[in-house]
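Letter by letter, the chains look like this.
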Amino acid sequence: MSIAEGIVQTLEDQARVQHYSRVKTVWLEIGPLAAIEKESLLFCFDAVTRDTLAENARLDIIDLPGEAWCLACASRVAITQRYDSCSECGSYQLQVTRGDELRIKELEVE
Ligand SMILES: [Zn+2]
């Protein structure tokens, strides 16, 4: 619930800066390591936007790829969770470089 509330808070803060009064669509980028339950986020978003400027807004989730740097073989590899092993050499000495994003990419407002 708190993530959805945080998004609504951001939308309301931005509304004051950017002078819009209705949010119609929110494009949200989420990395695989952000540990977000998409189904429950969508459900919570509908609930917490009621009676706000984002009531009935559509939440469109964009999945970002996860990426890590392997210290053992010096490769850049794709990961889907935090404790993945290196797809090149099998090592677990991965330094996560991308994947914990949770950010609003774009808004459709009026
Ligand atoms: Zn490796």
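Residues numbered from 1 in each chain as written. Predicted model: local features only at pLDDT ≥ 70, side-chain atom pairs only at ≥ 80, totals over all residues. Heavy atoms only, no water.

Enquirer: So what exactly am I meant to see when it comes to the side chain of Glu29 here?
Expert: Position of Glu29 among the secondary structure elements: in strand β1 (residues 23-30). On the basis of relative accessible area, Glu29 is assigned to the buried category, the value being 9%. Among the polar contacts made by the side chain of Glu29, one reaches the side chain of Arg103 at a distance of 2.7 Å. Glu29 has contacts with Ile62, Leu64, Glu101, Leu102, Arg103 and Lys105, leaving out every residue within four places of it along the chain. (Helix = DSSP H or I, 4+ residues; strand = E, 2+ residues; numbered from the N terminus. Buried < 20%, exposed > 50% of the residue type's maximum accessible area, 1.4 Å probe, protein only. Polar contact = N/O pair within 3.5 Å; in protein donor to acceptor, adjacent residues only side chain to side chain. Contact = heavy atoms within 4.5 Å.)

Enquirer: How do you make sense of the coordination of the zinc ion when you look at a structure like this?
Expert: Each pair of donors in an ideal octahedron of six around a metal sits at 90 or 180 degrees, and each pair in an ideal tetrahedron of four sits at 109.5 degrees. Taken together, the protein donors to the zinc ion comprise Cys70 (SG), Cys73 (SG), Cys86 (SG) and Cys89 (SG), at separations of 2.3 Å. The site at the zinc ion holds four donor atoms, and with the angles between them running 106 to 111°, its shape is tetrahedral. Counting the intervening residues between successive donors of the zinc ion yields the motif C-x2-C-x12-C-x2-C. On the criterion of sequence distance, the pair formed by Cys73 in the loop between β3 (66-70) and β4 (76-79) and Cys86 in the loop between β4 and β5 (94-98) is long-range, its members being 13 residues apart. Since its relative accessible area comes to 29%, Cys73 is described here as partly exposed. (Donors = N, O, S within 2.8 Å, 3.2 Å for Na, K, Ca; no water. Tetrahedral: all angles 85-135°; square planar, octahedral: opposite > 155°, others 65-115°.)

Enquirer: Whenever I open this one, helix α2 (residues 38-48) confuses me. Can you help?
Expert: Think of an α-helix as turning once every 3.6 residues; residues three or four places apart then point the same way. Burial in α2 covers these residues: Leu41, Cys44, Phe45 and Val48. Buried residues in α2, looked at end-on, bunch into an arc of 105°, giving them a common side. Away from its buried face, by an angle of more than 90 degrees, α2 presents the exposed residues Glu39 and Phe43. The inward-facing, buried residues of α2 abut α1 (2-18), β1 and β2 (58-63). (Arc of directions from axis to C-beta.)

Enquirer: Quick question: what am I supposed to make of the pattern of salt bridges here?
Expert: Under the counting rule described, the total for this entry stands at eight salt bridges. When the shortest N-O distance is used, the salt bridge between Lys38 and Asp63 registers 2.7 Å. Here Lys38 is found in helix α2, whereas its partner Asp63 is found in strand β2, with 25 residues between them in sequence. Among the ionic pairs, Arg76 bridges to Glu67, the shortest N-O distance being 3.4 Å. The class of Arg76 is exposed, set by a relative accessible area of 51%. The network of salt bridges with shared partners includes Lys24, Glu108 and Glu110. (Salt bridge = Lys/Arg side-chain N within 4 Å of Asp/Glu carboxyl O.)

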